[in-house]
Amino acid sequence: MEFCDKTFAKSYLSRVSYFRLKYFWVDMIDEESGDFKDESFFEVVVERYEFDKSLRQILFNAIETLEVGLRTKIITILSLATDSGLWYLDGSLFEKKEYHEDFVLDMKYEFARSTDPFARDFIRNHDDWDEDTTEGANPDAWMIFETATFGTLSKMYKNLKAQSPIKSAIANEFGLYSARDLSSWLESVSVLRNAVAHHSRLWYRIFAKKPVNVRRLSRAWLSREMTENQRKRAFGVISCLLYLCNAIHPHNTYKQEIVQLFNEHPHIPIYMLGFSSDWKNNPIWR
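The numbers attached to residues start from 1 for each chain and follow its sequence in the written order. Given that the model is predicted, a residue must reach a pLDDT of at least 70 before its local features are reported, and side-chain atom pairs must reach 80 or more before they are shown or counted; all residues, however, enter totals for whole chains, interfaces and linings. No hydrogens and no water enter the side-chain calculation; it runs on all heavy atoms of the structure.

**Side note on the overall build of the chain**
By the criteria applied, helices consist of DSSP H or I runs no shorter than four residues and strands consist of E runs no shorter than two, each listed in order from the N terminus. Looking only at helices and strands, the chain features 12 helices and 0 strands. Along the chain, from the amino end to the carboxyl end, the secondary structure elements read α-α-α-α-α-α-α-α-α-α-α-α. Judged by the C-alpha coordinates and their principal axes, the chain covers about 65 × 45 × 35 Å. Residues are treated as being in contact if the distance between any of their heavy atoms lies within 4.5 Å. Put simply, 70% of the contacts in the chain that link residues at least 6 apart link residues at least 24 apart. Only the protein chains shown count as covering a residue, and every accessible area follows the Shrake-Rupley method with a 1.4 Å probe. Total accessible area on the chain is roughly 15000 Å²; 48% of this is exposed by carbon and sulfur atoms. Charge centroids of the chain, computed over 37 positive and 41 negative side chains, lie 4 Å from each other. Positive charges come from Lys and Arg, negative ones from Asp and Glu, while His and the chain ends are left out of the count. To locate a charge, take atom NZ for lysine, CZ for arginine, CG for aspartate or CD for glutamate.

**What about the environment of alanine 247?**
Relative to the assigned elements, alanine 247 resides in helix H11 (residues 234-248). Classification of alanine 247 as buried rests on a relative accessible area of 13%. With 43 residues separating them in the primary sequence, alanine 247 and tyrosine 204 have C-alpha atoms 29 Å apart. Excluding residues within four positions of it along the chain, alanine 247 makes contact with Glu173, Phe174, Gly175 and Arg219. Remark: exposure states derive from per-residue accessible area (1.4 Å probe, protein chains only) relative to the maximum for the residue type, with buried under 20%, exposed over 50%, and partly exposed in between.

**Observations concerning the nonpolar core**
The biggest cluster of nonpolar side chains holds 91 residues, and the ones touching the most others in it are Trp87, Phe145, Met156, Ile170 and Trp285. No other element matches helix H3 (residues 42-82), which puts 16 residues into this core. The contact partners of tryptophan 87, leaving out residues within four places of it in the chain, are Ile74, Ile75, Leu78, Ser79, Thr82, Leu93, Phe94, Ala141, Phe145 and Met156. We call a set of buried Ala, Val, Leu, Ile, Met, Phe, Trp, Tyr and Cys residues a nonpolar core when their side-chain atoms join them within 4.5 Å.

**A word on a negative patch on the surface**
On the surface, Glu98, Glu101, Asp102 and Asp106 cluster together into a patch of negative charge. Note that glutamate 101 resides in helix H4 (residues 97-112). Exposure remark for glutamate 101: the relative accessible area of 40% places this residue in the partly exposed category. For patch building, the residue pool is restricted to those with more than 30% relative accessible area and no salt bridge; the joining distance is 9 Å between like charges and 5 Å between nonpolar side chains (Val, Leu, Ile, Met, Phe, Trp, Tyr). One side-chain nitrogen of Lys or Arg within 4 Å of one carboxyl oxygen of Asp or Glu is enough to make a salt bridge.

**Notes on the pattern of salt bridges**
By the definition in use, this model includes 13 salt bridges. For arginine 48, the salt bridge identified is with aspartate 27, shortest N-O distance 2.6 Å. In this pair, arginine 48 sits in helix H3 while aspartate 27 sits in the loop between helix H2 (18-21) and H3, placing the two residues 21 residues apart along the sequence. A residue is classified by how much of its surface remains accessible, and arginine 48, at 6% relative accessible area, is buried.

**Details of the packing of H3 against helix H7 (residues 150-159)**
Inter-axis angles, ranging from 0 to 180 degrees, are taken between N-to-C directions of lines fitted to C-alpha atoms, where helices are fitted over the stretch in contact. As a packed pair, H3 and H7 sit with axes 10 Å apart at the nearest point and diverge in direction by 40 degrees. Between H3 and H7, the crossing angle belongs to the class labelled oblique. Both H3 and H7 take part in a crossing whose hand is left-handed. Here H3 contributes Leu66, Glu67, Leu70, Arg71, Ile74 and Leu78 to the contact with H7, which in turn contributes Phe150, Leu153 and Met156. Ten residues, namely Ala, Val, Leu, Ile, Met, Phe, Trp, Tyr, Cys and Pro, are considered nonpolar, four, namely Asp, Glu, Lys and Arg, are considered charged, and the remaining ones, Gly among them, are considered polar. For the contact of H3 with H7, the residue count by class is 7 nonpolar, no polar and 2 charged. Small angles under 35 degrees read as roughly parallel and large ones over 145 as roughly antiparallel, with 65 to 115 read as roughly perpendicular and the rest as oblique. Each crossing is labelled by how the near helix is turned from the far one, with a counterclockwise turn of less than a right angle marking it left-handed and a clockwise turn marking it right-handed.

**Quick notes on the packing of helix H9 (residues 179-197) against H11**
Running from amino to carboxyl end, H9 crosses H11 at an angle of 115 degrees, the nearest separation of the two axes being 9 Å. One finds that H9 runs roughly perpendicular with respect to H11. The interaxial crossing formed by H9 with H11 has left-handed handedness. The segment H9 lies against H11, with Leu182, Trp185, Leu186, Ser188, Val189 and Leu192 engaging Val237, Cys240, Leu241, Tyr243 and Leu244. Classifying every residue of the contact of H9 with H11 by side-chain character gives 10 nonpolar, 1 polar and no charged.

**Digging into the state of the cysteines**
The term disulfide is used for any two cysteine sulfur atoms that are within 2.5 Å. All chains considered together, the criterion is met by 0 disulfides. Take cysteine 245: it sits in no disulfide, and the sulfur closest to it among the cysteines is that of cysteine 240, at 11 Å. The class of cysteine 245 is buried, set by a relative accessible area of 0%.

**Brief notes about a nonpolar patch on the surface**
A cluster of nonpolar residues, Leu13, Tyr18 and Phe19, forms a patch on the protein surface that exposes about 350 Å² of accessible area. When you line up the elements, tyrosine 18 lands in helix H2. Of the residues examined, tyrosine 18 reaches a relative accessible area of 57% and is grouped as exposed.

Pasting the structure below:
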């Protein structure tokens, strides 16, 4: 590898480890010799790393919009449909009893470990609070869901009764006609969220959960079905995240921010993220 400025390289490697950077140069390696190809510059690796970091920062804000919106839609729709603030305790709303019980206990676990004043006050003011059972005092949905993780919300939605009009109503709020499609997309976004929250790279990453291709949508989407490569790389889940954010906050700026970032780095090989050369021609990205 070539270094234009070795002093800069030493300084950069003192705060970002060699191993953390290694996947940003995988395409610079000659497969036969195992050596770097000619004109493989350290500064290019740094640009890729900083690009990935900037992209994750944009997505972190987008995920916040989706996470807060998902909580709001779930709480509002289910509370109004059941006329109860404790609907999440009703096992008849869910497919699998064991998953439902685990979900409630996960919610109570997260609530018990929250440092928010409303959680501390509720637990202190209810002697029959018990985080290890579904019995005793339980906060209303609007309160306990505030401390639920995105992963918990995604699992809860998936376990709602399959043919429930409530489940379909939530999917419709996000511009999807199928609850199964929304569930798949939420699972994919949950994996993305974990990667972003732990500062893990998106570059050259294969995601464990691939979003399904959706045939019927109410808003601008892609020109054609996602390829297998797009589904398993960042492009697929980022497009799904953008679509869901557009449904709940149409005036968001995440698309513009991502497009601007890509424009500022025209030499980045975006295929490493699953983006094709014509990605901007898709209706959702125009």
